[in-house]
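Letter by letter, the chains look like this.
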Amino acid sequence: MAYPIGIDLGTTNCVAAVWQRGQAVTIPVDGQGTLPSAISVRSDGILIGQPAKGRAQIAPASSVTSVKRFIGDGKTKWEIEGKTYTPVDVSAMLLGRLKEAAEAHLGEAITEAVITVPAYFNNNQKRDTKLAGEAAGFEVLQLLPEPTAAAIQYGLDKGKNQTLLVYDLGGGTFDVSILEVKENDFNVVAVDGDFHLGGDDFDLLLVDHLIGLIEEQTKEDMGLFRSLFGRKGKKKKGSETATREMLLARQRLKEAAEIAKIELSQADRTCVSLPNILGTSLDEEITIDTYNRLIEPMVARTIEKIREVLASARLTSDDIDRVILVGGSTRNRLVKEQVTKAVKEPWTSEHVDEAVAQGAAIVAGSMAAPDLDMTPVEININNVTPFSLGVCSYEKESTRCINSIIIHKNRPVPCEEARPYELQTAAGRDNKLEAYMLQGESENPAECLVIGKYIFTGVSHTPGALAKVEIQYGYDKNGIITAAAREQSTGKALELHVEALPDDMTWLDEISRGGSFDPSNLKLIVTPPGYDDVGSVLTSLQLPFIVYTERQPLDCDIFFWNCLASTHPSAEAIRDYVSDGGCLYASCCAARDLDDAFPGAIEFDHSGCRSETIQADVIDMDLTKTVGKNLRIQYNTAACYTVSLQGPGSKVLLREAATGKDVMVMVPFGKGHIFYTCFHHHEDLSKDEKSLLQFLVMKQISVVSGIPIEAVSSEIRT
Ligand code: AMP
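Residues numbered from 1 in each chain as written. Predicted model: local features only at pLDDT ≥ 70, side-chain atom pairs only at ≥ 80, totals over all residues. Heavy atoms only, no water.

## Things to note about the site of the ligand
Taken together, the neighbourhood of the ligand is formed by 14 residues, with G171, E258, K261, S265 and G328 sitting nearest. S265 places a side-chain nitrogen or oxygen 3.1 Å from a nitrogen atom of the ligand. In isolation the ligand offers 500 Å² of accessible surface; the protein chains occlude 85% of this area. Broken down by secondary-structure element, the contributors of at least two residues to the shell around the ligand are α5 (199–218) and α7 (244–264). Top element by residues in the shell around the ligand is α7. It accounts for 3 residues. Classifying every residue of the shell around the ligand by side-chain character gives 1 nonpolar, 9 polar and 4 charged. Residue contributions to the shell around the ligand reach at least three from each of two domains, namely domain 1 (5–197 + 296–384) and domain 2 (199–294). (Near = heavy atom within 4 Å. Polar contact = N/O pair within 3.5 Å; in protein donor to acceptor, adjacent residues only side chain to side chain. Areas by Shrake-Rupley, 256 points an atom, 1.4 Å probe, with all protein chains shown as cover. Helix = DSSP H or I, 4+ residues; strand = E, 2+ residues; numbered from the N terminus. Nonpolar A, V, L, I, M, F, W, Y, C, P; charged D, E, K, R; others polar. Domains from an automatic or database assignment.)

As structure tokens, then:
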């Protein structure tokens, strides 16, 4: 029977530990307690750990360090020696090395592990960490938040009930957790953090200070050079034009800054000596006061997070029995001072680098079978989710998309929440429900993390009625998102595909701004009021427009053409306008005039034309949402009133409620397209008809302005 081990997969170092004979013991790797989180690829093999860290200094292009910063970002890849490595691949190599070391140390195959992750890791980061563990040959028993692991290492057998605040500041991330410990029950009450704050930022502040000193000495503008220090994960602006000298100087400055920072955690002053750097030589003393002044705003941000997490746990600093510091950057003296001021004198583990792995080993030990040479501990852990889980949802009233939260942050995991949806189905197509999942607290989806597009397929066709589907959203015990859907009537489970997100997500930003439909960006021209007054609809939508006058050039984004207006453009002008990419919204009486402009291109039959109110739901086929009811239309049974000169855009389907029969399809088109509606008498439309028309006009505008509202409007608001 194998030992399950605990692993701290750190940004800078990794540690493995095991619960043996009643205590957590660190497993040596290459004779050390920690394995540097570095790999380096050579033509004859891959170095892992200490030798890779050394080689990374001289061969940075063939080496990967701090892989943890990139895990789950879905885009980072390293091309080395003709092969591509993802963050999952690199993390799996580190985990594989720890596995080997554990097997050598314990003398048997190791197949199970508890792996720690920052409490503030999002879904994709957790998911990919688990994948890396599996790729290394582990069954991942649990992903344990690092602060929880640290609290367990500290709190186990302390024998009293207490409330702990764990402040975890590493190289790249910061999180703060509050736990209530009762005997061996560890309940996380609240978590908060900042995924873009860590010791590396302190280094960058020092680097910036040093560049300032170089600038003073050389009187050279270091703008391009400064731009090489973009924050991790972001493309560094100046990289393309940087010289080799600059890249080398960057590396030297970063290393010097980190060394100075570490020295200042003990001493009151340090000296940075860098001969021959960027046309000068640096030999500067840096005092603790200078350094503290630089990092103070960042430390203040962490203190603010402590206040927030206390508030969300409804506690004050007096309620905290013990503050535990975790992570290399808590060795900064200002951090300790500020935490002491804000809460109380913190406690630091003797084995600060090993505490997290040892906590994980205790948890692994609690899961072990009793026939091992160890006494399994009985501990219960209750974690919470650090992020709210939401769905991108289209809010018709404000014509923008919002993050509609389903599970709020700080809820104990695992948890589940069901939401019912109704959707119109059609025969002969795969009826599906789509949801863009978000993690974050903001109502603005662009300020949240988009996890992916969740597509549930195989909804049974329900003629004459809306299909009822229930989606079960949740978090598993590791805080990884779960989602499942089933049909309410049959109980049938729907198949789920998670679609990768497109590279360009700028549309999300646009759609989240209510102003994405800002009419000032679009020029709308409308023929004068006549039989078919679309102007009143635009007015009710508060969209400014220009009234068409004779011989006016059609230099607009959308031309709304009421063919019975007293003044209207010639067939030739219409043809030129559309051929040049103009968007034409033509009303029900446009048929003959359209035919003049585009002879034979459009199929019309007005012979049986009549006006009628039909009991019908109007369904947007992309949004799977009812957008109108009981529509009064001028329609023709022989011909479908859909015209497209250049292919369809997104459709709106009109389905007769009684029979489930598709009555017609209306298609808003993109540029160079015609959008033809057949509403009768726009001036006296019913409420439903009007809201439908507003919807169509708005949609048309969104198509013309290039904002794919259908892409984000996947939640049905009932
Ligand atoms: P971790 O992710 O917990 O391994 O923490 C790594 C971060 O801790 C890096 O930014 C290190 O530069 C920083 N660090 C390590 N030792 C010290 C120290 N003595 N003083 C200040 N920062 C340190």
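## With respect to the pairing of strand β19 (residues 380–384)
Where a strand is regular, its side chains alternate between the two sheet faces. Note that strand β14 (residues 185–194) and β19 share 3 bridges and pair parallel. Of the residues in β19, the one forming a bridge with F186 is I381. Inspection of the sheet shows β19 paired to strand β22 (residues 412–413) by 2 bridges, in the antiparallel sense. By the bridge assignment, V384 is partnered in β22 with P412. (Pairing = 2+ DSSP bridges.)

## Topic: the side chain of D194
As for its position among the elements, D194 is in strand β14. What makes D194 buried here is its relative accessible area of 16%. One polar contact links D194 to R301, side chain to side chain, over a distance of 2.8 Å. When residues no more than four places from it in sequence are discounted, the contact partners of D194 are Y120, T173, F174 and R301. (Buried < 20%, exposed > 50% of the residue type's maximum accessible area, 1.4 Å probe, protein only. Contact = heavy atoms within 4.5 Å.)

## A look at the sheet that holds strand β27 (residues 481–487)
One open sheet holds the 3 strands; their spatial order is β23-β26-β27, and the pairing between them is antiparallel. The open sheet terminates on both sides in strands that have one partner only, identified here as β23 (415–423) and β27. Averaged over all pairs of adjacent strands, the angle between strand axes in this sheet comes to 20°, irrespective of strand direction. Of the strand pairs in this sheet, strand β26 (residues 467–475) and β27 are connected by 7 bridges, and their pairing is antiparallel. Looking at β27, one finds that Y475 is bridged to I481. (Axes fitted to C-alpha atoms, helices over the stretch in contact; angles between N-to-C directions.)

## So, the sheet that holds strand β7 (residues 63–65)
Taken in spatial order, the 3 strands of this open sheet run β6-β5-β7, and their pairing is antiparallel. Sheet topology places β6 (45–48) and β7 at the edges, where each strand pairs with a single neighbour. Between one strand axis and the next, the sheet turns through 15° on average, direction left out of account. Sheet topology places strand β5 (residues 38–42) next to β7; 3 bridges connect them, and they run antiparallel.

## Thoughts on the packing of helix α8 (residues 288–312) against helix α9 (residues 333–342)
One can describe the packing of α8 onto α9 by two numbers: an axis separation of 9 Å at closest approach and a directional angle of 40°. Relative to α9, the element α8 lies oblique. As α8 runs across α9, the sense of the crossing is right-handed. Along its contact with α8, which presents I288, N292, I295, E296, V299, I303, I306 and R307, the element α9 presents R333, L334, V335, Q338, V339 and A342. The class makeup of the residues in the contact of α8 with α9 is 9 nonpolar, 2 polar and 3 charged. (Parallel < 35°, antiparallel > 145°, perpendicular 65-115°, else oblique. Left-handed = near helix turned anticlockwise from the far one by under 90°.)

## Comments concerning the pairing of β6
The pairing of β5 with β6 spans 4 bridges and is antiparallel. If you follow V41 over to β6, its bridge partner there is I46.

## Digging into the pattern of salt bridges
With the rule as written, the count across this model stands at 24 salt bridges. Residues R269 and E285 are paired through a salt bridge, measuring 2.8 Å at the closest nitrogen-oxygen approach. Pair noted here: R269 is in strand β15 (residues 269–277) and E285 is in strand β16 (residues 280–287), with a separation of 16 residues, a long-range link. Overall, the relative accessible area of 47% leaves E285 in the partly exposed class. Notably, a salt bridge pairs R307 with E304, separated by 3.9 Å at the nearest N-O pair. Pair noted here: R307 and E304 are both in helix α8, with a separation of 3 residues, about one helical turn. Classification of R307 as partly exposed rests on a relative accessible area of 47%. Put simply, D192, K305, E308 and K409 are held in one network by salt bridges that share partners. (Salt bridge = Lys/Arg side-chain N within 4 Å of Asp/Glu carboxyl O.)

## Digging into the environment of D283
Its location among the elements puts D283 in strand β16. In this structure D283 comes out as exposed when scored by relative accessible area, which is 55%. In this structure, the C-alpha to C-alpha distance between D283 and C271, residues 12 residues apart in sequence, is 6.8 Å. Here D283 is in contact with C271, V272 and S273, once residues within four sequence places are set aside.

## Some words on helix α13 (residues 571–579)
Within α13, burial applies to I574, Y577 and V578. Down the axis of α13, the buried side of the element spans an arc of 90°, and every buried residue falls inside it. (Arc of directions from axis to C-beta.)

## Section: the nonpolar core
In this structure, I362, M437, F456, Y473 and Y475 are the most contacted members of the largest nonpolar core, which totals 59 residues. If you tally residues by element for this core, the top one is helix α10 (residues 355–366), at 7 residues. Each of domain 1 (5–197 + 296–384) and domain 3 (389–512) accounts for three or more of the residues forming this core. Beyond its immediate sequence surroundings of up to four residues, F456 is in contact with N431, K432, L433, I471, A483, A484, A485, L494, E495 and L496. Judged by nonpolar contacts, the second largest core, of 51 residues, contains A190, L197, V299 and V339. (Core = buried A, V, L, I, M, F, W, Y, C linked by side-chain atoms within 4.5 Å.)

## Structural notes on the side chain of T148
For T148, the position within the fold is in helix α4 (residues 146–155). Ignoring anything within four residues of it in the chain, the contact list for T148 reads L179, V188, I381 and N383.

## As for the packing of aromatic side chains
All told, the structure shown has 6 aromatic pairs when counted by the stated rule. Considering the side-chain rings of F70 and W78, the 5.5 Å spacing of their centres and the 85° angle between planes classify their relative orientation as edge-to-face. Assessed through its relative accessible area of 17%, W78 is described here as buried. Judged by centre distance (6.3 Å) and plane angle (85°), the ring pair of F559 and Y577 falls under edge-to-face. Residue F559 is found in strand β31 (residues 558–561), and its partner Y577 is found in helix α13; the two are separated by 18 residues along the sequence. In this structure, F559 and Y577 share a single accessibility class: buried. Taken together, the aromatic side chains of Y548, F559 and Y577 make up a single cluster linked through ring pairs. In this structure, K99 packs its charged tip against the face of F138, placed 6.0 Å from the ring centre. (Phe/Tyr/Trp six-rings, centres within 6.5 Å; stacked < 30°, edge-to-face > 60°. Lys NZ or Arg CZ within 6 Å of the ring centre and 35° of its normal.)

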